[in-house]
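Descriptive structure summary
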Amino acid sequence: MPATLLSCCTAAGAVSPRVQQSAVQPAGVQAETIFGLWNVTLALCTAVFAAIVLALLVALWRAHRARQAAAGSSTLAPDLAPLHHPERRVHRAILWATVVATVGLFMLLVADMWTARALARLPMKEALRIELTGHQYWWEVRYTDEGFSTANELHLPVGRPVVVTLKSRDVIHTLWVPNLAGKRDMIPGRTATISLRADRPGVYRAQCAEFCGLQHALMALPVTAVAPAQYEHWARARKAAAPEPATDSRRHGRDVFVRAACVACHTIAGTMASGTLGPDLTHLASRPTLAAGMLPNDRANLQAWIVDPHRFKLGANMPPNPLPARDMHALLDYLESLE
Amino acid sequence: MSDAASATPAEVLEQTWRDPPGLWGWLSAVNHKTIAARFIYVTFGFFVAGGILALMMRLQLARPDSRLIGPDLYNQLFTMHGTTMMFLFAVPVMQAVAIWLLPLMLGTRTVAFPRMNAFAFWIFLFGGVMLFAAFLIGAGPDAGWFAYVPLANADYSPGKRIDIWGQMITFTETAALMEAIVIIVTIFKMRAPGMTLDRMPLFAWAMLVTSFIVLFAMPAVMLASTALITDRLVDTHFYDPELGGDALLWQHLFWFFGHPEVYLIFIPPLGVISAIIATFSRRPMVGYRAMVLALIATGFLSFGLWVHHMFATNLPELGKAFFTAASLMIAIPTAVQIFCWIATLWTGRLHLRTPLLFILAFFVILLAGGLTGLMLASVSLDTQLHDTYFVVAHLHYVLLGGAVFPMFGAFYYWYPKFTGRMMSERLGKWQFWLFFIGFNVTFFPMHILGLEGMPRRVYTYPDGMGWNAINLVATMGAFMIAASVLLFIVNAWRSRRRGAPAGADPWGGGTLEWRAASPPPAANFDVLPVVHGRYPLWQPAALPDRVAGIDPALREVLLTSVTAAEPDHRMLMPSPSPWPFVTALATTVLFVGSIFTPWAVVWASLPVAITATFWFWPRHSESRIRHEREVRPEVRS
C-alpha cells in the first residue's frame, strides 16, 4: 500500500482547480474526523504490509540458499525431519506474530470506536434542519424550519451544524457529500438523519452512491457552503413566492406552463402549479445546474431538456414536450425570470 | 463380464469404471473425472465470458462522458459480470476442481452420490446457459448482482429480466448445494484406510469447511430470491414497506449469504496454497493443526460479519460496532495461516516454478486486499468508502488475489496429473508476469479513484473530476489481464499434445493423487492405498499395505469410519445412467416455466417426478449383489 503514491495524487489534485468530490480533502468536521482515522489506519496497514512482504522476501532468500546448499545431494528429496521433531522455535515465532497481529487489530478497533464517538458528538445547538428526499433521479429539498422548498441544490451556512433528514419516494438512494461527511442511505419506508457541518466555503459535489436504476450515474447534487450572512440572504430570497411575470411574453409563458402538462408534476409557489412528482421550480433560474447536476443552467440547455429530456437522461420520468416555437420561447422567458 | 478371466485386474477395473461409449453413454457418464472435467471447462468458459463483459465496461469507462455503451447495456453488463463471476465461476470452479481431485487425494475410486454429481453438473450448465441466453436476447438482469429491492421489484424493474435472474440463481445454487453434500460425504466416508482426520490433506479440510459454508449460506440467497420472485409473480409483500414488508430484509438475507460467499470462494484456495507450498518447499507444512483450526474458525466467523455491507443503512450504532469487531477478528485466523506459510517457505528448500509464482503473488495481493478490508470494516471509514471504486479495488484484490491467482497456480500444478503432460514453463512465466502487472495496473489505481469520490456502478462520469487518467490506465490494465488469460489458454491447448510427458509425480509431491498414473485411469488406483502419515508418498516404507476384498469387476468402493478412517463397509456405487441428465432437463423446464407462470411449479413437477422415478428405480441384480456382499473388507500387508 504505497502511501506516498496516494499522497502524491491527492496533493496534485489539491493544486489543480476542479470539482470537489473527494474524501481526502475534508471541508467539514465530520469528514475531517474520518480523514484522521484514515491516516492512522493507512499508516498501520502500510507498516503491516511492509513487515509481511519483508518476511516473505527473507523467507524466499533463505529457502533459496538452503536449496543451493543442498544442491550436492538429491534436490527432489523432501525434508521430513519436521514430521518427527516438533519445531518449537518456529511455532513460538508464529504464536508471537499472532499476538502482535491481535494487538494491532485491537488498536484499530479502539481508534474506530473513538472516531465513531467523536462523529456522534457534533454539537447540535441551533442546527439547521433540512429534509432531503431521493427520487429517480433527482433530489427534493425542504428547509423545514424556514418553510421553503427547492430541488437539486443544497445551500449551507459555513460553521453551523445541519441535520439532514433522509427519505426516499421510490428506490434506495444514498446521500454522499465526500468533502463534508460519510454517506447514508435513503430507504423507502424509513427515515434516517445525518448531521454535518461545512467549515470552509465552497461548492462541493455530491452524488447518489447507491445504485438506483438506469440513470444512477446522473444523479448529482451541488452543495454550496457560504458565509452565514450570504446564506440568510439566499434563504430570504427562497421564501419569497415566484415573481409576477413582468412582460407579455413571460405572462404567456406562465399560461403555457399552467396549460401544458408541466403543472401535473411541478410546483411554482404563488401559481396554480403544485405538482409534487417533479422538482419544485419556484426559483429555477437561480440554480447552477439542470437535471440533478447534469447540465449548466442556461437557456439552450433548458430548451433542449424540455423538448426531449430522454436525449440526456433516458429513463427520467419527465416526458418530451414538443411545444410550438412561440410557446417555447415564452415559456423559457418565464422560467428564466424565476430567480 | 465374460472375458474377465483372461484380462488383467487393471483391465477389468478399467472396464468396470469407465463411462459407456457413444452419445447415450456420453450423457450417462457418472465418472467423477468426466463430470469434473466438463464442470471445469464450463466454469472456465463462464470466467472468460465474465471477463469479456468486464472489458466492455472498461471500454465504456475509459473516457469521460463516453457514449459507447448506453446505460441500459452497461447496467446489464455489470449485473451479469458480478453474477457470472460469483455464481457461475468462483464457487463452482473450486467445487469442480475438488470433484476431480478429492477422490485421488483421499485414495478412493469415485465421489459419493455420483449420479447426483452428474445431475448437479447438468442443472448448473442449463441454468448458466439460460442466464446468458437471456442476456444475449436483451433480457439480461439490470438491477445489479446484489439486486436490491425496491429497485428489483415489479414496480421499478418491470418485464422478465429480474424473474429470469432470480430463478436461475436459485437453480444454479441448487447445484452448489448438491456438490457440497457430495464433497462432505466423500471426505467423511471415503478416505483411504489410515487417513485419519488429522492426516487429511489441507485441501480436503478447506473443501470440507467450504462445503459446510455452502450448506448454511446458499439457502439464504435462495430464500431471498424466491421471496423476490413471489413478490413479483404472485404479489406477496416480503419487501414492500407500504404493505408491511421491509426493503432491508432483502439486504440482511442477501448479505447473510453474500459475506460467507467471499470466504467460500477464498477458503478452497487456502488448501491449494498449502499443497503447492509444501511440494515446492520440499517439506511438510508448518503448523498443520493451527491451519485446520484457522480454516474452521474462518468458516464460523464468516457468518458473523454480513452487516458490514450495510453500515450506511442507519442500523443501531452498537450493533454496527459489534460487526466491526467481528470483521476485524476474522483477520486473526487469516494471519495465522499467512504466518504458517511464511514459516514453511522460511524453513524449506525452494523450487521457484510457475505454480509457486502464482502463490507468492497471492500473498502480496491478498495481503493488500485484506488490509483494505480492515479499512472497510470500520464503520466511520466505511461511510466514506462504501459503494465507491475503493470497494471495487478491494473486492478484486480479495477475489482475484484470493481465488484467481491460486486457481492459476492450481491449474499449472495439477495440469500434468489432468493430461499426463507438462505445461510450458516459459509461457507460464510470461503469463504470470502479464497477469500480475496487468492486475495491479487495473485495480491499484481504483483505490485512489474511490477516495477521490468516484461511486461504483456508474456507466459514465463527467469530465473535470480528476478521474480521467486513472480510468484510462485501468482500462489498459484490463487488456493486459485479457492477454494473459489468452496466453494461458494457448499454453493449456498446446501442452495437451506437445508438453513433455509428466509421469505419475513430476513435482515430487507427497499426497496420494501423485501415486495414480497421469492421467489417472477410470478407477484412479489399481490397488487401493493405505495411509500412514500426512504425506504418504514421502514415506515409501509404509506403502506396501493394501486393501483386500474389493471386487474389481464390480463398482465397489471402501467406506471408512468418519474420524479414524478404519475400514467400515464396502459399497456398490451406482452405474452410469442417462436419467440424471433427463431429470435435469425436466427440472430446467420447471424453473424456466415458473418465470412465466407460477402454475409451472405445479404442472412441470410431473415430468420431474416421472424422470426421477426412472432414475431411482431399483435394479434387482444390484440389490442382490448388495445383499450378498455385506462383509467387511480388510487391510493386509
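Criteria and thresholds
- Residues numbered from 1 in each chain as written.
- Chains lettered and ligands numbered in written order.
- Predicted model: local features only at pLDDT ≥ 70, side-chain atom pairs only at ≥ 80, totals over all residues.
- Heavy atoms only, no water.
- UniProt positions renumbered as here; feature names shortened; annotations may be inferred.
- Helix = DSSP H or I, 4+ residues; strand = E, 2+ residues; numbered from the N terminus.
- Rg over C-alpha atoms; globule rule 2.2 N^0.38 Å.
- Buried < 20%, exposed > 50% of the residue type's maximum accessible area, 1.4 Å probe, protein only.
- Contact = heavy atoms within 4.5 Å.
- Axes fitted to C-alpha atoms, helices over the stretch in contact; angles between N-to-C directions.
- Parallel < 35°, antiparallel > 145°, perpendicular 65-115°, else oblique.
- Nonpolar A, V, L, I, M, F, W, Y, C, P; charged D, E, K, R; others polar.
- Patch = residues over 30% accessible without salt bridge, like charges linked within 9 Å, V, L, I, M, F, W, Y side chains within 5 Å.
- Areas by Shrake-Rupley, 256 points an atom, 1.4 Å probe, with all protein chains shown as cover.
- Salt bridge = Lys/Arg side-chain N within 4 Å of Asp/Glu carboxyl O.
- Lys, Arg positive; Asp, Glu negative; His and termini not counted.
- Charge placed at Lys NZ, Arg CZ, Asp CG, Glu CD.
- Pairing = 2+ DSSP bridges.
- Core = buried A, V, L, I, M, F, W, Y, C linked by side-chain atoms within 4.5 Å.
- Polar contact = N/O pair within 3.5 Å; in protein donor to acceptor, adjacent residues only side chain to side chain.
- Expected span 1.5 Å × (residues − 1).
- Domains from an automatic or database assignment.
- Buried area = accessible area lost by both parts, 1.4 Å probe.

Chain B goes by Cytochrome c oxidase subunit 1 in an unreviewed UniProt entry, where it is assigned to Pseudoduganella lutea. Listed under Catalytic activity (unreviewed entry) in UniProt, the entry text for chain B is "4 Fe(II)-[cytochrome c] + O2 + 8 H(+)(in) = 4 Fe(III)-[cytochrome c] + 2 H2O + 4 H(+)(out)".

1. Some remarks on the overall build of chain B
For chain B, the helix and strand inventory stands at 20 helices and 4 strands. In terms of C-alpha radius of gyration, chain B reaches 25 Å, essentially the compact-globule figure of 26 Å for 637 residues. Seen through its principal axes, chain B has C-alpha atoms that stretch 80 × 60 × 50 Å. Counting all 637 residues of chain B, 67% fall into the buried class. When contacts within chain B are restricted to residue pairs at least 6 apart in sequence, those whose partners lie at least 24 apart make up 81%.

2. What to know about the packing of helix α12 (residues 354-377) of chain B against helix α15 (residues 425-451) of chain B
All names here are of chain B. Contact geometry of α12 with α15 gives a least axis separation of 10 Å together with a crossing angle of 10°. In terms of orientation, α12 lies roughly parallel with respect to α15. Note on element contacts: α15 touches α12 through E425, G428, K429, Q431, F432, F435, F436, F439, N440 and H447, opposite T354, P355, L357, F358, A361, I365 and T372. Of the residues belonging to the contact of α12 with α15, the class tally is 9 nonpolar, 6 polar and 2 charged.

3. Focus on a positive patch on the surface
All names here are of chain A. A cluster of basic residues, R62, R65, R88, R89 and R92, forms a positive patch at the surface. Elements supplying a minimum of two residues to the positive patch: α2 (29-69) and α4 (88-120). In terms of residue count, α4 provides more of the positive patch than any other element does, 3 residues in total. Given a relative accessible area of 47%, R92 falls into the partly exposed group.

4. Focus on the pairing of strand β10 (residues 220-226) of chain A
Residue and element names in this part refer to chain A. β10 sits mainly inside the fold: 7 of its 7 residues count as buried. Taking every second residue as pointing to the same face, both faces of β10 are buried, with A220, P222, T224 and V226 on one and L221, V223 and A225 on the other. Across 6 bridges, the pairing between strand β9 (residues 202-207) and β10 is antiparallel. The residue bridging Y204 from the neighbouring strand is V223, located in β10.

5. With respect to the nonpolar core
Ranked by size, the top nonpolar core spans 294 residues in total, and within it M200(B), W250(B), W341(B), F363(B) and F405(B) carry the most contacts. Apart from residues no more than four positions distant in its own chain, F405(B) is found in contact with F358(B), A361(B), F362(B), I365(B), L400(B), F432(B), F435(B), F436(B) and F439(B). In this structure, C262(A), A304(A), I306(A) and M328(A) belong to the second largest nonpolar core, which totals 23 residues.

6. Structural notes on the interface of chain A and chain B
In this complex, chain A contributes 92 residues to the contact, which on the side of chain B involves 90 residues. Across the pair R190(A) and D246(B) runs a salt bridge, and its minimum N-O distance is 2.6 Å. There are 15 residue pairs in polar contact (both at pLDDT 80 or more) connecting chain A and chain B. Listing elements by their share of the side of chain A that touches chain B, those giving two or more residues are α1 (3-15), α2, α3 (81-84), α4, β7 (184-186) and β9 of chain A. Broken down by element, the side of chain A that touches chain B gets its largest block of residues, 21 residues, from α2(A). Across the side of chain A that touches chain B, the residue classes break down as 57 nonpolar, 20 polar and 15 charged.

7. Some remarks on the sheet that holds strand β3 (residues 148-151) of chain A
All names here are of chain A. Pairing within the open sheet is mixed, and its 5 strands lie in the order β3-β2-β1-β5-β8. Sheet topology places β3 and β8 (192-196) at the edges, where each strand pairs with a single neighbour. Adjacent strand axes in the sheet meet at a mean angle of 25° when their direction is disregarded. Pairing between strand β2 (residues 138-143) and β3: 4 bridges, direction antiparallel. Bridged to V141 within β3 is T150. Relative to the sheet, helix α5 (residues 228-239) contacts β1 (128-135), β2 and β3, its axis offset from that of β3 by approximately 100°.

8. Quick word on the UniProt feature "domain: Cytochrome oxidase subunit I profile" (unreviewed entry) in chain B
Per the UniProt annotation, the sites labelled "domain: Cytochrome oxidase subunit I profile" (unreviewed entry) are residues 26-532 of chain B. Segment residues 26-532 of chain B splits into 69% helix and 0% strand. End C-alpha atoms: 38 Å apart.

9. Description of helix α6 (residues 161-189) of chain B
Every α-helix winds through 3.6 residues per turn, so residues three or four apart in the chain are directed the same way. When the terminal C-alpha atoms of α6(B) are compared, their 43 Å separation across 29 residues agrees well with the 42 Å that a helix rising 1.5 Å per residue should span. Summarising burial for α6(B): 24 of the 29 residues are buried, a large majority.

10. Quick word on the domain arrangement of chain B
Residue and element names in this part refer to chain B. Segmenting chain B into domains produces domain 1 (283-348), domain 2 (356-502) and domain 3 (556-630). Using only C-alpha atoms to locate each centre, domain 1 and domain 2 end up separated by 22 Å. Facing 14 residues of domain 1, the contacting portion of domain 2 comprises 12 residues. Between domain 1 and domain 2, roughly 1,000 Å² of surface is buried when both sides are summed, and carbon and sulfur atoms account for 83% of that area. Considering only the surface of domain 1 that becomes buried against domain 2, F311, I338 and L345 emerge as the three largest contributors, covering 37% of it. The tally of links between domain 1 and domain 2 comes to 1 residue pair in polar contact (both at pLDDT 80 or more). At the level of elements, α10 (317-329) and α11 (331-347) are the ones that each hand at least two residues to the side of domain 1 that touches domain 2. Examining the composition of the side of domain 1 that touches domain 2, we find that 6 residues originate from one element, α11, more than from any other.

11. A few points about unusual backbone geometry
Cis geometry marks the peptide bond from Q136(A) to Y137(A), where omega comes out at -5°. With respect to the secondary-structure elements, Y137(A) resides in the loop between β1 and β2. For N524(B), which is not a glycine, the phi torsion comes out positive at approximately 70°. Along the chain, N524(B) falls in the loop between α16 (468-498) and β1 (546-548).

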